[in-house]
Amino acid sequence: MNQFVNNAQALRLHIPEPQCRPGDAPDFGALRLPPAGGLPRPGFTADESTLRHLPYALIRVLDDDDAAVGEWRPNLGLERLCEGLRAMMLTRAFDEAMQRAQRKGKASFFIKSTGEEAVAVAQAYALDARDMLFPSYRQQGLLIARGWPIEQMMCQILSNSGDQLKGRQLPTMYSAREAGVFSLSGNLGTQFPQAVGWAMASALRGDTRIAASWVGDGTTAEADFHHALTFASVYRAPVILNVVNNQWAISSFAGIAGGERATFAARAIGYGMAGLRVDGNDFLAVHAATQWAAERARANAGATLIELYTYRAAAHSTSDDPSAYRPREEAAQWPLGDPIERLKRHLIRCEAWSESRQQALQQEVDEQVRAALRQAESLGVIGDTRIERDSLFDDVYKTLPAHLQAQREQLRKEG
Amino acid sequence: MPVMNMIQAINSALDVMLERDDDVVVFGEDVGYFGGVFRATAGLQQKYGRMRVFDTPIAEGGIVATAIGMGAYGLRPVTEIQFADYIYPAFDQLVSEAARLRYRSGGEFWAPLTVRAPCGGGIYGGPTHSQSPESLFTHVCGLKTVIPSTPYDAKGLLIAAIEDDDPVIFFEPKRLYNGPFDGHHDRPVTPWSKHAASEVPDGHYAIPLGKAAVVRPGSEVTVLAYGTMVHVALAAVHESGVDAEVIDLRTLMPLDIDGIAASVARTGRCVIVHEATRTSGFGAELMAVVQERCFWNLQAPIERVTGWDVPYPHALEWDYFPGPDRVAAALKRAMETS
Ligand SMILES: Cc1ncc(C[n+]2csc(CCOP(=O)(O)OP(=O)(O)O)c2C)c(N)n1
Ligand SMILES: [Mg+2]
């Protein structure tokens, strides 16, 4: 016999909406931020079943008075922290300069990482220089922290004759094999499971190197995100999977990616994988969380999913104007502050730094960027890239097949 | 009559269909509050509410899959894939599911969805914001594939696509959004307002899928093109002085085979132009059709002008792009042979 529900009520669909839109006063009142220092640091080989509170916690080391507190406080010398500050400032100066270059028509496109510099720089510092990185387009700080020449990055962005990638890629889609940075794809999320595959290979070979990859909050919706977690979990691959939750995916707030009811770190729980959630604007906390995950991976204790809780302070890209979808003042009111400012204040508190040294360093990185850009621009800019036209057909395959030879001939002839 | 660029015409088509048919729902990445990264859905959520026009997670496979489910329920979903280059995560849902649902269920279920996606290059978008993947879809039986070249056609074809009970892939050449780009990238941009096809009625009209348009009548050679290449072909014809008949295919599947054959039978020559890569591109299908239908009328080998068989490059975009000079060279070759 068929059964029917009596007096069923009309169903309704839930469409998530952010708290504030343009015209509203920014409001982060609903954010519950636990104080720094309160969270115990489990041993890095701890069983996953004992870690399931961590995806809903928030690892914080720097407190409101800029002191480093609690068990997660990393063992980092002041000198190393000053280097970290410099790398973050260089990243920001680089971003500003390349945005200006794009506005002047020297590049077709650019993506800044403003406000997210601690994610890339502190994570690079917490990993071994030989570990393999599979970043998204917003972790230029990884390359900078690894000492990759900014001129090289600039040539890629200007798409000129100095670009190792032969002008083929959209600006910011770097590739730097020598620095252990995998070629970036414009397709979101595709590299997340590839990083897992690299890590599986490293384990298959009895190697000691681990892999790390990054996606944004929005990208966690792609199937590839879940492929990565499944494979990483099944094979306990030595990999660190990072979600940079900067609250926005172009115009969509994190609720559209499924961030309303559960944290992104909590995705780990369903896969039986360790998950950490960390204040992404706290250099020390980011370093500590990453180091814990790296130790866990190196101990063959499995992969970790890290959610880096931060805010995209700039536009999505040079093609975007965020004032169309979020309050202008929102970035300035982000309760977790600015990563550079916070590390600077911590160093000043430790008497390892001063405002005048800060100013001098600002001038130094600005000058470094200016000099590098002059150098890079001398090799061409978009529209006058000075790239050999014949190179169009190289690298499609290892060797040029006959049909591409014929097409190259035709291009030479017809122009 | 209102003057619209292609974005406004597409927006108008969606507006008309949301107004006329309660079953129409519009969704995709950034299409709701913001109105789409190309602004094609601007104002629609404000007008029709969040239950009709909404943002989705960044999951193209999920977008198409849920559209199939909604279509099976009885809605008429219109989805946006932000760039055609990002349609591949939805490939399985389109090829294995949307395209075959009607067939495998013996007509019990079908998926009347429309998938809009900006395609083509010419905006320095590099390899992942420039592709023309139409032939991957024309090869799949059960799918229809449409590519407009003017605001007027974009609106009429999009309305027809939405009203169609089969799944339709609707590729929008993004380089045409703001003007009839003819391939001369070093010249100032011509706005649509200078073009007759920017006159677009406010209300409802549909252009039947499967009917090509003769955009320039001529007697010496037939040029088959679609999307951006229609305007490039017109420029090449103008500059070469050949009296060519330029046909805008408008829909690739169903294809206006009779229209094509009638023209080539008259001119005896044929040049095919597309921006997509060459090998197994839609031009290959067109060559086969012309050969099958017009072999005894042909006075010269069929010419094909296409993108090279390489990923769309960033810096060397204009060396990839099959511009008016390359089309003119093909016209000349076609005319020299007899
Ligand atoms: C497969 C795919 N779909 C869509 C896009 C277009 N797109 C580029 S960036 C972006 C938003 C990504 O947001 P998020 O993952 O949060 O990273 P964020 O930009 O905030 O760093 C979108 C939708 C793309 N590049 N690839
Ligand atoms: Mg984001």
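Scroll up to find the structure this text is about.
Conventions and cut-offs
Residues numbered from 1 in each chain as written. Chains lettered and ligands numbered in written order. Predicted model: local features only at pLDDT ≥ 70, side-chain atom pairs only at ≥ 80, totals over all residues. Heavy atoms only, no water. Contact = heavy atoms within 4.5 Å. Buried area = accessible area lost by both parts, 1.4 Å probe. Salt bridge = Lys/Arg side-chain N within 4 Å of Asp/Glu carboxyl O. Polar contact = N/O pair within 3.5 Å; in protein donor to acceptor, adjacent residues only side chain to side chain. Helix = DSSP H or I, 4+ residues; strand = E, 2+ residues; numbered from the N terminus. Nonpolar A, V, L, I, M, F, W, Y, C, P; charged D, E, K, R; others polar. Near = heavy atom within 4 Å. Donors = N, O, S within 2.8 Å, 3.2 Å for Na, K, Ca; no water. Buried < 20%, exposed > 50% of the residue type's maximum accessible area, 1.4 Å probe, protein only.

Asks: Could you give me a rundown of the interface of chain B and chain A, with the residues and numbers involved?
Replies: In this complex, chain B contributes 39 residues to the contact, which on the side of chain A involves 44 residues. Between chain B and chain A the total buried area reaches about 3500 Å² when both faces are included, carbon and sulfur atoms providing 63% of it. When the buried surface of chain B facing chain A is broken down by residue, Tyr-33, Ile-58 and Trp-308 of chain B rank first, second and third, together holding 20% of it. Summed over the shared surface of chain B and chain A, the result is two salt bridges. Its salt-bridge partner being Asp-319 of chain B, residue Arg-389 of chain A comes within 3.8 Å of it at the nearest N-O pair. Counting the contacts that link chain B with chain A gives 13 residue pairs in polar contact (both at pLDDT 80 or more). Elements with a minimum of two residues in the side of chain B that touches chain A: β2 (53–55), α11 (317–320) and α12 (324–336) of chain B. Here the side of chain B that touches chain A takes three residues from α12 of chain B, the largest share from any one element. A per-class count over the side of chain B that touches chain A returns 21 nonpolar, eight polar and 10 charged.

Asks: An account of the site of ligand 1 is needed here, citing residue identities and associated values.
Replies: Taken together, 20 residues sit near ligand 1, with Tyr-137, Arg-138, Gly-186 and Thr-219 of chain A together with Glu-60 of chain B positioned nearest. Close to ligand 1, residues of chains A and B are found. Contact distances for ligand 1 include 3.1 Å between a nitrogen atom and a backbone N or O atom of Leu-188 of chain A. At a separation of 2.5 Å, a nitrogen atom of ligand 1 approaches a polar side-chain atom of Glu-60 of chain B. For the shell around ligand 1, a count of residues per class yields seven nonpolar, eight polar and five charged.

Asks: Which residues make up the coordination of the magnesium ion (ligand 2), and what values go with them?
Replies: Ligation of the magnesium ion (ligand 2) by protein atoms is provided by Asp-217 of chain A (OD), Asn-246 of chain A (OD1) and Trp-248 of chain A (O), these donors lying 2.1 to 2.2 Å from the ion. We classify Asn-246 of chain A as buried; its relative accessible area is 5%.

Asks: Any details on unusual backbone geometry? Residues and values, ideally.
Replies: In this structure, Pro-254 of chain B follows Met-253 of chain B across a cis peptide bond, with omega equal to 0°. Of note, Pro-254 of chain B is situated in the loop between β10 (251–253) and α9 (257–267). In this structure, Asp-66 of chain A takes a positive phi of about 70° despite not being glycine. The topology assignment puts Asp-66 of chain A in the segment before α1 (78–103). For Asn-300 of chain A, which is not glycine, the phi torsion reads 60° and is therefore positive. Note that Asn-300 of chain A resides in the loop between α8 (283–298) and β7 (304–309). On the basis of relative accessibility, which here comes to 58%, the residue Asn-300 of chain A falls in the exposed class.

Asks: How would you explain the pattern of salt bridges if you had to name every residue and give the values?
Replies: Applying the stated rule across the entire model yields 44 salt bridges over all chains. Between Arg-250 of chain B and Asp-153 of chain B there is a salt bridge; the shortest N-O distance is 3.2 Å. You can see Arg-250 of chain B sitting in the loop between β9 (244–248) and β10 and its partner Asp-153 of chain B sitting in helix α7 (residues 151–163), a full 97 residues away along the chain. We note that Arg-250 of chain B, like Asp-153 of chain B, is buried. Its salt-bridge partner being Glu-303 of chain B, residue Arg-333 of chain B comes within 3.0 Å of it at the nearest N-O pair. Of the two residues, Arg-333 of chain B sits in helix α12 while Glu-303 of chain B sits in strand β12 (residues 303–307), which places them 30 residues apart along the sequence. Since its relative accessible area comes to 28%, Arg-333 of chain B is described here as partly exposed. Here the residues in one salt-bridge network are Arg-60, Asp-279, Asp-282 and Arg-342 of chain A, joined through shared partners.

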